[in-house]
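Listed below are the residues making up each chain.
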Amino acid sequence: MDNRIEENVRIIKEQLSDVAKNVEIVAATKTRTIEEIRACMSTGLVLAAGENRVQELTEKYTPDFRWDIIGRLQTNKVKYIIEKATLIHSMDRLNLAETIQKECEKRNKKQDVLIEINTGEEESKGGIALRDLDMFLDQVAAFDRIVVRGMMAVAPVYFGEDELKTIFSDVYEVFSKRKNKVFDTLSMGMSNDFLIAAACGATMVRPGRAIFGERSYL
Ligand SMILES: *Cc1c(COP(=O)(O)O)cnc(C)c1O
């Protein structure tokens, strides 16, 4: 394999360091091969491989580096990733929290999660509206196996730069009020908008295509 992937990771790390300090990279690895993912992780500059789908994570899984779940998680699939995913970025509803709690009880473990925010407030998309966050966090507090480490946001794809800044800043504002030693992670920004997200206070960005190139299939 050529070293295009390593090169891309270095460029992204450099670009990030120009706009903010200590922003972690979680590589969005959906549809990528384990060889591509290894090339990316071998740089030592990427915190985790972020998979969208449970099946892809379990097929590619290796304990050699960290794996996160960044996509919508079905409750009946939680059991397959509960030992493998370090951080679930996409905790977006109460019945998912219930399931994570149950699966953690069985294994006597705790699970780090981020609350996914519905930035566009689109009906079709998952996630908690910013104005409902307090209520949702109160409900999740009842689950002692779940450690809420922060928030995650995906901006609508059709948003322009100004709208992105507004959305990311709104999310950051709510995040920064709650921020503490445990609630310390704000995951936002993909290939098209990670620099804007980082400038707005993201602590973690999730580029995919910017690392691996355009996808040949979805
Ligand atoms: C695919 C995906 C990304 C990365 O998207 P790119 O446009 O390839 O950078 C980030 N986050 C989530 C949740 C994704 O599904």
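Keep in mind it's a predicted model, so treat the numbers as computed, not measured.

A. View of the overall build of the protein. In terms of helices and strands, the protein carries nine helices and eight strands. The globule rule puts the C-alpha radius of gyration for 218 residues at 17 Å, and the 17 Å found for the protein is close to it. Considering the protein as a whole, with its 218 residues, one finds that 50% of them fall into the buried category. Taking the contacts inside the protein whose residues are at least 6 apart along the sequence as the reference set, 58% of them involve residues at least 24 apart. Of the roughly 10900 Å² that the protein leaves accessible, carbon and sulfur atoms contribute 46%. If the 32 positive side-chain charges of the protein are averaged to one point and the 35 negative ones to another, these points end up 4 Å apart.

B. Structural view of the packing of helix H1 (residues 4–19) against helix H2 (residues 34–41). Between H1 and H2, the shortest axis-to-axis distance is 8 Å and the interhelical angle comes to 45 degrees. If you check the angle between H1 and H2, you find them oblique. Crossing hand, H1 versus H2: right-handed. Counting all contacts with H1, which are made through Ile5, Glu6 and Val9, the residues of H2 involved are Glu36, Ala39 and Cys40. Broken down by class, the residue content of the contact of H1 with H2 amounts to four nonpolar, no polar and two charged.

C. View of the packing of aromatic side chains. Per the counting criterion, the structure on display carries five aromatic pairs. Ring centres of tyrosine 158 and phenylalanine 159 lie 5.3 Å apart, and the angle between their planes is 75 degrees; this geometry places the pair in the edge-to-face category. Residue tyrosine 158 is classed as exposed on the basis of its relative accessible area, which comes to 56%. Ring-pair connections join several aromatic residues into one group, and the members of that group are Tyr61, Phe65 and Trp67. Over the ring of tyrosine 61 we find lysine 84, and its NZ or CZ is 5.5 Å from the ring centre.

D. A look at the nonpolar core. If you look at the biggest cluster of nonpolar residues, it comprises 61 residues, and the most contacted ones within it are Cys40, Met91, Ile100, Ile115, Phe168, Met188 and Ile211. In terms of residue count, helix H7 (residues 161–178) provides more of this core than any other element does, five residues in total. In contact with methionine 188, not counting residues within four places along its chain, are Ala153, Phe168, Val171, Ala197, Cys200, Ala202, Met204, Val205 and Arg206. Counting residues in each nonpolar core, the second largest holds eight residues, with Val26, Ile70, Leu87 and Leu114 among its members.

What counts, and at which threshold
- Residues numbered from 1 in each chain as written.
- Predicted model: local features only at pLDDT ≥ 70, side-chain atom pairs only at ≥ 80, totals over all residues.
- Heavy atoms only, no water.
- Helix = DSSP H or I, 4+ residues; strand = E, 2+ residues; numbered from the N terminus.
- Rg over C-alpha atoms; globule rule 2.2 N^0.38 Å.
- Buried < 20%, exposed > 50% of the residue type's maximum accessible area, 1.4 Å probe, protein only.
- Contact = heavy atoms within 4.5 Å.
- Areas by Shrake-Rupley, 256 points an atom, 1.4 Å probe, with all protein chains shown as cover.
- Lys, Arg positive; Asp, Glu negative; His and termini not counted.
- Charge placed at Lys NZ, Arg CZ, Asp CG, Glu CD.
- Axes fitted to C-alpha atoms, helices over the stretch in contact; angles between N-to-C directions.
- Parallel < 35°, antiparallel > 145°, perpendicular 65-115°, else oblique.
- Left-handed = near helix turned anticlockwise from the far one by under 90°.
- Nonpolar A, V, L, I, M, F, W, Y, C, P; charged D, E, K, R; others polar.
- Phe/Tyr/Trp six-rings, centres within 6.5 Å; stacked < 30°, edge-to-face > 60°.
- Lys NZ or Arg CZ within 6 Å of the ring centre and 35° of its normal.
- Core = buried A, V, L, I, M, F, W, Y, C linked by side-chain atoms within 4.5 Å.

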